[in-house]
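If you want the building blocks of each chain, they are given just below.
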Amino acid sequence: METQDTAPQRQVHGQVKWFDPTKGFGFVVANDGGRDILLHANVLRNFGQGSVVDGSAIEIVVQDTQRGLQATEVLSIVPPVADEALPLRDMVEFTPEDIAQKPIEPARVKWFDKAKGFGFANVFGSNDDVFVHVEVLRRSGLSDLQSGEAVGLRMVDGERGRMAIEIIGWEAAAK
């Protein structure tokens, strides 16, 4: 019988079926079919994210264990294509290239309420609030944020103040 430490590992391309940061796990469906693959929060955190939005394309390393297939490493995540019919008003003038030109600033999540669809963060060294919309979170490949979580933000000055236009898990931003 193979143990988890000696079972062969392989790379898999798939899609996030669902992920619940509160439960600490979710599942991935491989593009080539087969059993669902467990994605544990610790494996996702090692990649630099605390959550991942459902439907994201994901490349992972998997291992067959006594409990089934499990992801052991996340190699890449690509968020699902955003619904372009409903862009946020403050973001319509920015192309993906424009957004990528903005500096990533370190910040900490003040609070985020998924049910309300928004929250706020503070850039390190500043008490000014930065508005975080759930759609920006989703477009960034994240499904939720926790109070106190460290993130990297790309921001613009919107109609009502500073707002995030991209959110990156801090560990991933530091790479």
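This structure is a prediction, so every number in the text was calculated from the model and none was measured.

Draft legend 1. Quick look at the overall build of the protein chain. Each helix and strand counted, the protein chain has 4 helices and 10 strands in total. When the helices and strands of the protein chain are read in sequence order from the N terminus, they spell out β-β-β-α-β-β-α-β-β-β-α-β-β-α. Within the protein chain, the fraction of its 175 residues that count as buried is 41%. Across the protein chain, every contact between residues at least 6 apart in sequence was considered, and the portion connecting residues at least 24 apart equals 56%. Working note: accessible area of the protein chain is about 9800 Å², and carbon and sulfur atoms make up 49% of it.

Draft legend 2. Looking closely at the environment of Val52. Inspection of the secondary structure puts Val52 in the loop between helix H1 (41-47) and strand E4 (57-65). Residues Val52 and Val78, spaced 26 residues apart in sequence, show a C-alpha to C-alpha distance of 9.6 Å. In contact with Val52, not counting residues within four places along its chain, are Val16, Phe19, Leu39, Leu44, Ile77, Gly141, Leu142 and Ser143.

Draft legend 3. Region of interest: the nonpolar core. Counting 20 residues, the largest nonpolar core has Val132, Leu145, Val151, Leu153 and Ile167 as its most contacted members. Of all the secondary structure elements, the ones that give two or more residues to this core are strand E6 (105-113), strand E7 (118-123), strand E8 (129-133), helix H3 (134-139), strand E9 (150-158) and strand E10 (161-169). Those residues in contact with Leu153, other than ones at most four positions away along the chain, are Pro103, Ile104, Glu105, Ala107, Ala121, Val130, Ala164, Glu166 and Ile167.

Draft legend 4. Region of the structure containing the environment of Leu145. Assignment of secondary structure puts Leu145 in the loop between H3 and E9. Among the residues examined, Leu145 registers a relative accessible area of 4% and is labelled buried. Separated by 24 residues in the primary sequence, Leu145 and Gly169 have C-alpha atoms spaced 9.6 Å apart.

Draft legend 5. Summary view of the packing of aromatic side chains. In the structure shown here, the tally under the stated rule is 8 aromatic pairs. A ring pair is formed by Phe120 and Phe131, whose centres lie 5.7 Å apart and whose planes are at 65°; its orientation type is edge-to-face. A residue pair is termed long-range when its members are at least 10 positions apart, and Phe120 in strand E7 and Phe131 in strand E8 qualify at 11 residues. Here a set of aromatic residues connected by ring pairs shows up, and it is made of Trp111, Phe118, Phe120 and Phe131.

Draft legend 6. Representation of the pairing of E4. Of all 9 residues making up E4, 7 are buried, and the element is well covered by its neighbours. Across 7 bridges, the pairing between strand E1 (residues 9-20) and E4 is antiparallel. In the strand pairing of E4, Gln15 is matched with Ala57. In the sheet, E4 pairs with strand E5 (residues 68-78) via 9 bridges, with the strands oriented antiparallel. When the sheet's bridge partners are listed, Thr65 is paired in E5 with Gly68. If you look at the hairpin formed by E4 and E5, you'll find 2 residues sitting between the two strands.

Draft legend 7. Quick look at the pattern of salt bridges. Counting across every chain of the model gives 7 salt bridges. Its salt-bridge partner being Glu135, residue Arg138 comes within 3.3 Å of it at the nearest N-O pair. With Arg138 and Glu135 both in helix H3 and 3 residues apart, this pair spans about one turn of that helix. With a relative accessible area of 23%, Arg138 lands in the partly exposed category.

Draft legend 8. Structural context of the confidence of the model for the protein chain. Of the residues in the protein chain, 87% have a pLDDT of 70 or more, and the chain-wide mean is 86. Mean pLDDT in the protein chain bottoms out at helix H4 (residues 170-174), which sits at 67, and peaks at strand E3 (residues 37-40), which reaches 96.

Draft legend 9. Expanded view of the side chain of Ser51. With respect to the secondary-structure elements, Ser51 resides in the loop between H1 and E4. Apart from the residues lying within four places of it in its own chain, the contact partners of Ser51 are Phe19, Pro21, Leu44, Gly141, Leu142, Ser143 and Asp144.

Conventions used here
Residues numbered from 1 in each chain as written. Predicted model: local features only at pLDDT ≥ 70, side-chain atom pairs only at ≥ 80, totals over all residues. Heavy atoms only, no water. Helix = DSSP H or I, 4+ residues; strand = E, 2+ residues; numbered from the N terminus. Buried < 20%, exposed > 50% of the residue type's maximum accessible area, 1.4 Å probe, protein only. Contact = heavy atoms within 4.5 Å. Areas by Shrake-Rupley, 256 points an atom, 1.4 Å probe, with all protein chains shown as cover. Core = buried A, V, L, I, M, F, W, Y, C linked by side-chain atoms within 4.5 Å. Phe/Tyr/Trp six-rings, centres within 6.5 Å; stacked < 30°, edge-to-face > 60°. Pairing = 2+ DSSP bridges. Salt bridge = Lys/Arg side-chain N within 4 Å of Asp/Glu carboxyl O. pLDDT = per-residue confidence, 0-100.

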